[in-house]
Amino acid sequence: MIFDRQKQHLLLEGKIYTPGDISRCIAGGAESYPPALWDLFLFLNEWFKDSPHITVHTSGSTGIPKELIVRKDQMMQSARLTCEFLNLQTGDTALLCMNLRYIGAMMVVVRSLVAGLNLIVRPASGHPLSDINVPLKFAAMVPLQVYNTLHTPEEKEQLKQTDILIIGGGAVDEALEAEIKTLPIAVYSTYGMTETLSHIALRRLNGASASEYYYPFSSVTLSLSHENTLVIEAPLVCDDILQTNDIARIYPDGSFIILGRKDNVINSGGIKIQAEEIEKILRPFIPLPFVITSVPDQRLGQAVTLLIAGQIDTKEIEANLQNIPELKPYYRPRYILTTDYIPQTKNGKISRADCRALALRILQQ
């Protein structure tokens, strides 16, 4: 592992790029390179500067996107933790196929710099393996990219040639997880956030080691707040103790599960309802994209609202909800609304705040 940034180089599709090479590439101008490659050179140019800090952006999935100033040495520690856990070695091929504005993509590059991985670069798109024709050791994707890949036969076959896949940037739903279980490769769901410089825990999704629990790195200490939200102490990657909004359950062996976000708790008539819990119950019964949100209600405070993307018979859905045993009466949506789309952030996460605003606008029409 190389932690001196001035001694690092990037192995890019088999060719070595030193800090000096990156400077010359930048001097050549954006018109000389494909956009994805230019974004990589811009990031590397910032990385190799003397400043010990770099700016990253949060996704804005639960609020307004913001900039964070993070330490490069802590990013390298995060890279080391992942590379050691996954046993990534010098020369292993790694795919960069996400937006370099966000920490998940940045960390793919930093892992390549620290561990000497051979980086393959593709534009951030819904079909990252569409023109990959070499076996990959390691890839990192968001759930939508994995979903699209699994539903495109040629790309699915290419994915089967990838040794290790990690999935971040959003929850892996039950249907996608069921498909992943059939893959002959090692697939992990990650837990983390921008403040933890990518993930601090992994959950194996398939194979003999598959689990419903996340397991944190050994240097991470977890606890629960009085509201049962996860508290993270990860000194190698973050100076502060992080109070998350994720409602969790921690087990004696240190593993944990995430039950949902505190932000997504709907207080309806004094009963606190977790939006993700209702979504999990409803998913087998609704064939279209949907989200559970809420709208203000004079009597209940907040009314549970089902927002479905697409054309569907809402009366039929309402009747079907009556026959789901797990759906307690106070879980049943008071409103079932249809829309053309489910609002998302720029990196593909559901924007819960925009969903609430959209549901309210539909009701007021």
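In this text the structure is predicted, and so the values were computed from the model without any measurement. (Residues numbered from 1 in each chain as written. Predicted model: local features only at pLDDT ≥ 70, side-chain atom pairs only at ≥ 80, totals over all residues. Heavy atoms only, no water.)

A. Highlighting the overall build of the protein chain. Along its length, the protein chain carries 10 helices and 20 strands. A compact globule built from 365 residues would reach a C-alpha radius of gyration of about 21 Å, and the protein chain, at 22 Å, matches this within 12%. Taken along the three principal axes of its C-alpha coordinates, the protein chain extends 65 × 45 × 45 Å. Relative to its full complement of 365 residues, the protein chain shows a buried share of 49%. Restricting to contacts in the protein chain with at least 6 residues of sequence separation, those with at least 24 account for 57%. Each charge sign in the protein chain was given a centre, from 34 positive and 39 negative side chains, and these centres are 3 Å apart. (Helix = DSSP H or I, 4+ residues; strand = E, 2+ residues; numbered from the N terminus. Rg over C-alpha atoms; globule rule 2.2 N^0.38 Å. Buried < 20%, exposed > 50% of the residue type's maximum accessible area, 1.4 Å probe, protein only. Contact = heavy atoms within 4.5 Å. Lys, Arg positive; Asp, Glu negative; His and termini not counted. Charge placed at Lys NZ, Arg CZ, Asp CG, Glu CD.)

B. The arrangement of the pairing of strand E17 (residues 271-274) in detail. As paired strands, strand E16 (residues 265-268) and E17 are joined by 4 bridges and run antiparallel to one another. From the neighbouring strand, serine 268 faces E17, where its bridge partner is isoleucine 271. Linking two consecutive strands that pair antiparallel, namely E16 and E17, is a turn of 2 residues; a positive phi of about 65° is found at glycine 269 within it. (Pairing = 2+ DSSP bridges.)

C. Summary view of the nonpolar core. Counting residues in hydrophobic clusters, the biggest one holds 83 residues, and the most contacted among them are Leu40, Leu44, Met75 and Leu119. Considering each element in turn, this core owes the most residues, 10 residues, to helix H4 (residues 103-115). The residues touching leucine 119, leaving out its near neighbours within four places in the chain, are Leu10, Leu11, Leu12, Glu13, Leu40, Ala94, Leu96, Val108, Val109 and Ser112. Ranked by size, the runner-up nonpolar core spans 18 residues in total, among them Ala275, Ile292, Val304 and Leu306. (Core = buried A, V, L, I, M, F, W, Y, C linked by side-chain atoms within 4.5 Å.)

D. Fine view of the environment of cysteine 238. Its location among the elements puts cysteine 238 in the loop between strand E13 (229-233) and strand E14 (242-250). Residue cysteine 238 is classed as buried on the basis of its relative accessible area of 10%. Note: C-alpha distance between cysteine 238 and methionine 75 (163 residues apart in sequence) is 9.3 Å. Apart from the residues lying within four places of it in its own chain, the contact partners of cysteine 238 are Gln74 and Glu195.

E. Region of interest: the side chain of serine 78. Along the polypeptide, serine 78 turns up in helix H3 (residues 72-86). By relative accessible area, which is 1% here, serine 78 ends up buried. At 2.8 Å, the side chain of serine 78 forms a polar contact with the backbone oxygen of leucine 197. Other than its neighbours up to four places away in sequence, serine 78 contacts Met107, Leu197, Ser198 and Val237. (Polar contact = N/O pair within 3.5 Å; in protein donor to acceptor, adjacent residues only side chain to side chain.)

F. View of the pattern of salt bridges. Considering all chains together, one arrives at 17 salt bridges under this definition. A salt bridge links arginine 122 to glutamate 13, with the nearest nitrogen and oxygen atoms 3.3 Å apart. With arginine 122 in the loop between strand E6 (118-121) and strand E7 (138-141) and glutamate 13 in the loop between strand E1 (10-12) and strand E2 (15-17), this pair connects stretches of sequence that are 109 residues apart. Residue arginine 122 is classed as buried on the basis of its relative accessible area of 17%. (Salt bridge = Lys/Arg side-chain N within 4 Å of Asp/Glu carboxyl O.)

G. Spatial organisation of the sheet that holds strand E9 (residues 186-193). The sheet built from 9 strands is open, its strands ordered E2-E1-E6-E5-E7-E8-E9-E10-E11 with mixed pairing. Edge strands, defined here as strands with exactly one partner in the open sheet, are E2 and strand E11 (215-216). In this structure, strand E8 (residues 164-167) lies alongside E9, joined through 4 bridges in parallel fashion. Residue pairing across strands places isoleucine 164 opposite alanine 186, the latter belonging to E9. In the packing of H4 onto the sheet, the strands contacted are E1, strand E5 (93-96), E6, E7, E8 and strand E10 (198-204), and the crossing angle to E5 comes to about 155°. (Axes fitted to C-alpha atoms, helices over the stretch in contact; angles between N-to-C directions.)

H. Molecular detail of the packing of aromatic side chains. Here the structure, examined in full by the defined rule, presents 11 aromatic pairs. Plain terms: the ring middles of tyrosine 191 and phenylalanine 256 are 5.3 Å apart, the flat faces sit at 80° to each other, and that makes the pair edge-to-face. Placement of tyrosine 191 in strand E9 and of phenylalanine 256 in strand E15 (residues 256-261) is noted, with a sequence separation of 65 residues between them. A relative accessible area of 7% means that tyrosine 191 is categorised as buried. On the basis of relative accessibility, which here comes to 0%, the residue phenylalanine 256 falls in the buried class. An aromatic cluster is present here, built from Tyr17, Tyr33, Trp38 and Phe41 joined pairwise through their rings. Seen from the ring of tyrosine 214, arginine 203 lies directly overhead, with NZ or CZ sitting 5.5 Å from the centre. When the ring centre of tyrosine 188 is taken as reference, the NZ or CZ atom of arginine 204 above it lies at 5.4 Å. (Phe/Tyr/Trp six-rings, centres within 6.5 Å; stacked < 30°, edge-to-face > 60°. Lys NZ or Arg CZ within 6 Å of the ring centre and 35° of its normal.)

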